[in-house]
Amino acid sequence: MSKPTFLEIARRAGVGTATVERVLNGRGGVRPQTVEKVVAAARSLDYPRRLPEAHRGVIRIEVILVRPDATFFARLSRAFERIAATLDRSIAVHRTFLDETNPAAIAKRILEPEMRRAALILAAPDHPLVSAALRKLEAESIPTVQIVTQISLTKSSYVGIDNYAAGRMAGLLMAKMQRRPGKVIAICHSQIYRVHRDRVRGFFDYLNEEGRDFEPVAALFGFDDGDRNAEQLHEALKRWPDLAGLYNAGGANTALNKVLRKHGRGRDIFFVGHELTERSTKALREGTMDVVLDQAPEAQARRAIDLVLAALNLHDLPVENPPIRFITFTAENL
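Residues numbered from 1 in each chain as written. Predicted model: local features only at pLDDT ≥ 70, side-chain atom pairs only at ≥ 80, totals over all residues. Heavy atoms only, no water.

1. Some words on unusual backbone geometry
- Backbone geometry at Arg67 places phi at a positive 50°, although glycine is not the residue there.
- Relative to the elements of secondary structure, Arg67 occurs in the loop between strand S1 (59-66) and helix H5 (71-84). (Helix = DSSP H or I, 4+ residues; strand = E, 2+ residues; numbered from the N terminus.)

Spelled out as structure tokens, the structure:
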């Protein structure tokens, strides 16, 4: 292959040929962020000459996540780690975990990173402080991708499943597969995540429209905490003797399965939850869970990285971004 030209590198980096010449010949006078783009573009095209020092040419993508103790976010984090290992050495992916109960700290990190950051991927609560910070970052044309859940009043790309559709699917499965009519509840983290609001809304909408034998009676908040989720379910079983269905739109399925396993009416409750893990797989096999909807975090991580690379002009092909397909699991297709 012939040596790539300055024009080819300029097109890949989204800059002019004069800028490429200044960077590759070390003439200075170019912003560090632009130097990073040019060096990464040259490397991706196998430019044979020695490039500027590596520490000046690293493009850093930060991924902001919450709840490292949660199985789902641990799985998502591992996906980013595996993808990062396959990227060119000029691209670094930094994972940062922040406290979901401290939106001020999340907003500060969005605007004041601890590194020179070329792009941001984040999953964070939908809070006015977070929204304001993200809008400011978007106004600065920093490539930004929201993953798993969305922040109100922002415009950056969203990568994830159609959560309203997932909720409706949970409602459909409840209505079609539960043979015993009765009352139905939903449990989720709280109202701080749009992902959970959309799922619960879709679930109740479907049952109100099509689930004639089922009565949605409550959306309960467990904050994805095992003890709180268990307490909420215990109270629901006491309050509604004809409880027929449970939809967990968030996490902490294990605590709910434990309650159903021990309760006298537990096996009569049709239970739909999210995320296929070792524990939810076991619950499906034992029969305490009936359906698990998995949102494929590995696919979300891959799509988010591809969108960022495209925004940085480091991806040759356009990246389409339809909703990630969620996967429906029962005991029969594990």
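2. Focus: the packing of aromatic side chains
- Using the criterion set out here, one finds 3 aromatic pairs in the structure.
- Considering the side-chain rings of Phe72 and Phe73, the 5.2 Å spacing of their centres and the 75° angle between planes classify their relative orientation as edge-to-face. Grouping residues by exposure puts Phe72 and Phe73 together as buried.
- Between Phe203 and Phe204 the ring centres are 5.6 Å apart and the planes differ by 40°, which places this aromatic pair in the tilted class.
- Since its relative accessible area comes to 16%, Phe204 is described here as buried.
- Through successive ring pairs, a cluster of aromatic residues spans Phe203, Phe204 and Tyr247. (Phe/Tyr/Trp six-rings, centres within 6.5 Å; stacked < 30°, edge-to-face > 60°. Buried < 20%, exposed > 50% of the residue type's maximum accessible area, 1.4 Å probe, protein only.)

3. Overview of the nonpolar core
- In terms of nonpolar packing, the biggest core is built from 51 residues, with Leu76, Phe80, Ile121 and Ile147 touching the most fellow members.
- With sequence-adjacent residues up to four places away left out, Ile121 is seen in contact with Ile61, Glu62, Val63, Ile64, Phe80, Val145, Ile147, Ala304, Ile305 and Val308.
- Ala218, Leu237, Leu246 and Phe271 belong to the second largest nonpolar core, which has 22 residues in total. (Core = buried A, V, L, I, M, F, W, Y, C linked by side-chain atoms within 4.5 Å. Contact = heavy atoms within 4.5 Å.)

4. Examining the sheet that holds strand S10 (residues 291-294)
- Pairing is mixed across the open sheet formed by 6 strands, whose spatial order is S7-S6-S8-S9-S10-S11. Sheet topology places strand S7 (214-221) and strand S11 (327-329) at the edges, where each strand pairs with a single neighbour. Going across the sheet, the axis of each strand differs from the next one's by a mean of 15°, ignoring polarity.
- Where strand S9 (residues 270-274) and S10 come together, 3 bridges link them in parallel fashion. Note on S10: the bridge partner recorded for Gly273 is Val292.
- Relative to strand S8 (residues 243-248), helix H10 (residues 226-239) is tilted by about 160°, and along the sheet it contacts strand S6 (182-188), S7 and S8. (Pairing = 2+ DSSP bridges. Axes fitted to C-alpha atoms, helices over the stretch in contact; angles between N-to-C directions.)

5. Some remarks on the sheet that holds strand S2 (residues 91-98)
- The parallel open sheet is built from 5 strands, whose spatial order is S2-S1-S3-S4-S5. Here the strands that pair on one side only, and so sit at the sheet edges, are S2 and strand S5 (157-159). Averaged over all pairs of adjacent strands, the angle between their axes in this sheet comes to 20°, without regard to strand direction.
- As paired strands, strand S3 (residues 119-122) and strand S4 (residues 144-147) are joined by 3 bridges and run parallel to one another. Its bridge partner being in S4, Ile121 is matched across the sheet by Val145.

6. Quick word on the environment of Thr288
- For Thr288, the location among the structural elements is in the loop between helix H12 (278-286) and S10.
- Judged by relative accessible area, Thr288 falls into the buried class, the value being 1%.
- Once the C-alpha coordinates of Thr288 and Glu36 are considered, the two residues, 252 residues apart in sequence, prove to be 52 Å apart.
- Excluding its chain neighbours within four sequence positions, the residues that come into contact with Thr288 are Asn257, Leu260, Arg261, Arg267, Phe271 and Ala283.
- For Thr288, the side chain forms a polar contact with the side chain of Asn257, separated by 2.8 Å. (Polar contact = N/O pair within 3.5 Å; in protein donor to acceptor, adjacent residues only side chain to side chain.)

7. Structural notes on the packing of helix H1 (residues 6-13) against helix H2 (residues 17-24)
- Close contact between H1 and H2 brings their axes to 8 Å; oriented N to C, the two are set at 105°. As the angle between them shows, H1 and H2 are arranged roughly perpendicular. Of the residues in H2, those in contact with Phe6, Leu7, Ile9 and Ala10 of H1 are Thr17, Val20, Glu21 and Leu24.
- Taken together, the residues that form the contact of H1 with H2 break down as 6 nonpolar, 1 polar and 1 charged. (Parallel < 35°, antiparallel > 145°, perpendicular 65-115°, else oblique. Nonpolar A, V, L, I, M, F, W, Y, C, P; charged D, E, K, R; others polar.)

8. Topic: helix H13 (residues 297-311)
- The end-to-end C-alpha distance of H13 is 21 Å, a good match for the 21 Å that 15 residues give at a rise of 1.5 Å each.
- Among the residues of H13, Pro297, Gln300, Ala301, Arg303, Ala304, Ile305, Asp306, Leu307, Val308 and Leu309 are the ones counted as buried.
- Downstream of H13 by a residue or two, Asn313 has a phi angle that is positive, lying close to 60°. (Expected span 1.5 Å × (residues − 1).)

9. Some details on H1
- Within the sequence span of H1, burial applies to Ile9, Ala10, Arg12 and Ala13. For H1, the arc enclosing every buried residue in end-on projection is 165°, short of the 170-degree limit, so these residues lie on one face.
- Those residues of H1 that are buried are in contact with H2 and helix H3 (32-44).
- Phi turns positive one or two residues past the end of H1, at Gly14, with a value near 75°. (Arc of directions from axis to C-beta.)

10. Points about the pairing of S9
- With 5 of its 5 residues buried, S9 lies for the most part within the structure.
- Neither face of S9 is exposed, since Phe270, Val272 and His274 on one face and Phe271 and Gly273 on the opposite face are all buried.
- Sheet topology places S8 next to S9; 3 bridges connect them, and they run parallel. Across the sheet, Leu246 pairs through a bridge with Phe271, a residue of S9.
- The parallel pair S8 and S9 is bridged by helix H11 (residues 253-262), and the resulting crossover is right-handed.
- A crossover connection joins S9 to the parallel S10 through H12; in handedness this β-α-β unit is right-handed. (Right-handed = clockwise from strand over helix to strand, strands pointing away.)

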